[in-house]
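Below, each chain spelled out in residue letters.
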Amino acid sequence: MGFANLSPSSAPPRQQTQRAAWQQELADAILDASQLCRELKLPTEYEEPARKAAKLFPLLVPRSYLQRMQSGNPHDPLLRQVLPLDAEFVSDQQFTLDPVGDSAALRAPGLLQKYAGRALLITTGACAIHCRYCFRRHYPYAAAPRKLEDWEPALQELRNDSTIHELLLSGGDPLTLTDARLGALIAALEDIPHLRRIRLHTRLPIVLPSRVTAEFLHLLRESRLTPIMVLHANHAQELTGDAAHAVRNLVRAGITTLNQAVLLRGINDQATSLTDLCERLIDLGVIPYYLHQLDRVAGAAHFEVPESAGRELMIELRRRLPGYAVPQYVREIAGEPHKTPISV
Ligand SMILES: *Cc1c(COP(=O)(O)O)cnc(C)c1O
Ligand code: SF4
């Protein structure tokens, strides 16, 4: 199932026209665990477990992201998000294949609705990076629609339901679609009169910043639908160099830009790293939206931070940051009518 089919060969089909620079960069991403370890000069004992665990969920790291890692540091917070570890083989009955009840929320192929007024379209199974903690690492993406015709049942469902005002484009990552495919989808959505907003949940401005082209910004700005971008950055070190530049360009284009982070052990579970992340976001003009408690997906138990520790971190964030820079600490409980706040 799922990600076995998701090597970059399942990335969106290339257009007939010349490949964009970001598509070339995606094609040049690192897929080999040994190569990743060697290029970062990691101690040799990391290689074999990385190769083994990459069979559970393939490794994928773009070079732009690699460049923001510190060489020789196996604990680098960016590396930790992508490095396959032995710990992924540890099974824990509380960590399951579908922790957030996605299968039960399916309204049409690729269309999920859990909450009032908004629905989520799985636009593609492809991502530009493979995050080891991903709650969709076991999602049966092979069944997800890939072409505009495949989205037709979802579009029909949306046309028939005038209570839906906002459509989330998710995946996978919707920004792995070409501008032509995204443009065709957005045009089809614009024809649905009750839709008012599109929200793109993406990690590409962070992990493959060259995706944020002038053409892409134009596509969003020209739409009748109000665009909202939700970035997924987990650490301030991700928001440097060309990624910072790409995020600034989104904000300067006038697009409302939010961020959601996942609370991850060994990556951002210190008050200083979370404070730095929120400050960095605010400095770039991005509002910290959610801090998510990890979804309990099989193979990711080693990333979990207990809620009690999460609450302590939130108290610290409130002490250190302006109110608008403090994200909401939430978790997703299958069947609940909204993300569930974790009260502090
Ligand atoms: C998380 C999620 C949303 C968005 O929830 P918000 O609280 O509006 O950010 C919408 N649909 C689905 C299926 C989701 O999982
Ligand atoms: S980019 Fe998002 S969907 Fe893709 S692997 Fe990472 S967390 Fe999962």
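About the thresholds
- Residues numbered from 1 in each chain as written.
- Chains lettered and ligands numbered in written order.
- Predicted model: local features only at pLDDT ≥ 70, side-chain atom pairs only at ≥ 80, totals over all residues.
- Heavy atoms only, no water.
- 1 Å grid on protein atoms, 1.4 Å probe; cavity = no way out; pocket = protein on both sides within 12 Å on 5 of 7 lines; lining within 4 Å.
- Points joined across faces, edges and corners; volume = space filled by probe spheres on them.
- Helix = DSSP H or I, 4+ residues; strand = E, 2+ residues; numbered from the N terminus.
- Buried < 20%, exposed > 50% of the residue type's maximum accessible area, 1.4 Å probe, protein only.
- Pairing = 2+ DSSP bridges.
- Arc of directions from axis to C-beta.
- Contact = heavy atoms within 4.5 Å.
- pLDDT = per-residue confidence, 0-100.
- Phe/Tyr/Trp six-rings, centres within 6.5 Å; stacked < 30°, edge-to-face > 60°.
- Axes fitted to C-alpha atoms, helices over the stretch in contact; angles between N-to-C directions.
- Parallel < 35°, antiparallel > 145°, perpendicular 65-115°, else oblique.
- Left-handed = near helix turned anticlockwise from the far one by under 90°.
- Polar contact = N/O pair within 3.5 Å; in protein donor to acceptor, adjacent residues only side chain to side chain.
- Nonpolar A, V, L, I, M, F, W, Y, C, P; charged D, E, K, R; others polar.
- Near = heavy atom within 4 Å.
- Core = buried A, V, L, I, M, F, W, Y, C linked by side-chain atoms within 4.5 Å.

**Q** I would appreciate a short explanation of empty space enclosed by the protein in the present structure.
**A** With a probe scaled to a water molecule rolled over the atoms, the places where space remains empty come into view. Summed over all chains, the structure comprises 3 cavities of 30 Å³ or more. Lining the largest cavity are 44 residues, and of these Phe135, Arg136, Ser170, His232 and Gln260 sit closest to its centre. Elements supplying a minimum of two residues to the lining of the largest cavity: β2 (111–115), β3 (118–122), β4 (166–170), β5 (197–202), α8 (204–207), β7 (256–262) and β8 (287–292). Top contributing element to the lining of the largest cavity by residue count: β2, with 4 residues.

**Q** Looking at this structure, how should I read the pairing of β4?
**A** Across the 5 residues that make up β4, a large majority, 5, are buried. Examined bridge by bridge, β3 and β4 share 5 bridges and lie parallel to one another. By the bridge assignment, leucine 121 is partnered in β4 with leucine 169. Across 4 bridges, the pairing between β4 and β5 is parallel.

**Q** What should I look at first to understand helix α9 (residues 214–222) in this one?
**A** When we look at burial in α9, the residues that qualify are Phe216, Leu217 and Leu220. Looking straight down α9, one finds that the buried residues subtend no more than 100° of arc, so they occupy a single side. Exposed and oriented more than 90 degrees from the buried face of α9 are Ala214, Glu215 and Glu222. Those residues of α9 hidden inside the fold are in contact with α7 (179–190), β5, β6 (226–231) and α10 (241–252).

**Q** Teacher, can you tell me more about the confidence of the model for the chain here?
**A** Should pLDDT be low for a region, the predicted coordinates there are not to be read in detail. Here the chain averages 92 in pLDDT, and 93% of its residues register 70 or above. Every residue in residues 1–11 scores below 50 in pLDDT, and together they form 26 contacts with partners more than four places removed in sequence or on other chains.

**Q** Any chance you could explain the packing of aromatic side chains here in plain terms?
**A** A complete count under the given rule lists 2 aromatic pairs for this structure. Seen in terms of ring centroids, tyrosine 133 and phenylalanine 303 are 5.8 Å apart; in terms of plane orientation they differ by 90°. Their pairing is edge-to-face. Of the two residues, tyrosine 133 is situated in the loop between β3 and α6 (148–159) and phenylalanine 303 in the loop between β8 and α12 (307–320); the sequence distance between them amounts to 170 residues. The residues tyrosine 133 and phenylalanine 303 share a single accessibility class, namely buried. An angle of 20° between the planes, with centres 3.9 Å apart, marks the rings of tyrosine 289 and tyrosine 290 as stacked.

**Q** What should I look at first to understand the packing of helix α11 (residues 271–284) against α12 in this one?
**A** At a closest axis distance of 10 Å, the pairing of α11 and α12 adopts a crossing angle of 50°. Compared by their axis directions, α11 and α12 come out oblique. Where α11 crosses over α12, the two elements pack in a sense that is right-handed. Contacts from Ala271, Thr272, Leu274 and Thr275 in α11 reach Leu313, Glu316, Leu317 and Arg320 in α12.

**Q** Where do I start with the side chain of histidine 130 in this structure?
**A** Within the secondary structure, histidine 130 sits in the loop between β3 and α6. Given the relative accessible area of 2%, histidine 130 is considered buried. Here the side chain of histidine 130 touches proline 58 through a polar contact of 2.7 Å, landing on its backbone oxygen.

**Q** Explanation requested: the packing of α7 against α9 in the structure shown.
**A** The angle between the axes and the distance between the axes are what describe a pair of packed helices. Running from N to C, α7 and α9 point in directions that differ by 0°, and their axes come no closer than 11 Å. Between α7 and α9, the angle is such that the two are roughly parallel. Seen from α7, the contacting residues are Asp179, Leu182, Gly183 and Ile186; seen from α9, they are Glu215, Phe216, Leu219 and Leu220. Considered class by class, the residues forming the contact of α7 with α9 number 5 nonpolar, 1 polar and 2 charged.

**Q** So what exactly am I meant to see when it comes to the site of ligand 2 here?
**A** The local shell around ligand 2 consists of Cys127, Ile129, His130, Cys131, Cys134, Gly172 and Arg203. Residue classes in the shell around ligand 2 are distributed as 4 nonpolar, 2 polar and 1 charged.

**Q** Could you clarify how one ought to interpret the nonpolar core in this entry?
**A** Soluble globular proteins tend to bury their nonpolar side chains together. Membership of the largest hydrophobic core comes to 93 residues, with the highest contact counts inside it found for Leu36, Met69, Leu83, Leu167, Leu189 and Phe216. Counting residues per element, this core draws most heavily on α11, which supplies 6 residues.

**Q** Help me out: how do you make sense of unusual backbone geometry in this one?
**A** Along the chain, glycine 171 connects to glycine 172 via a cis peptide bond; the corresponding omega equals 15°. Positionally, glycine 172 belongs in the loop between β4 and α7. The residue lysine 41 is not glycine, and still its phi comes out positive at about 55°. Topologically, lysine 41 is positioned in the loop between α2 (33–39) and α3 (47–53).

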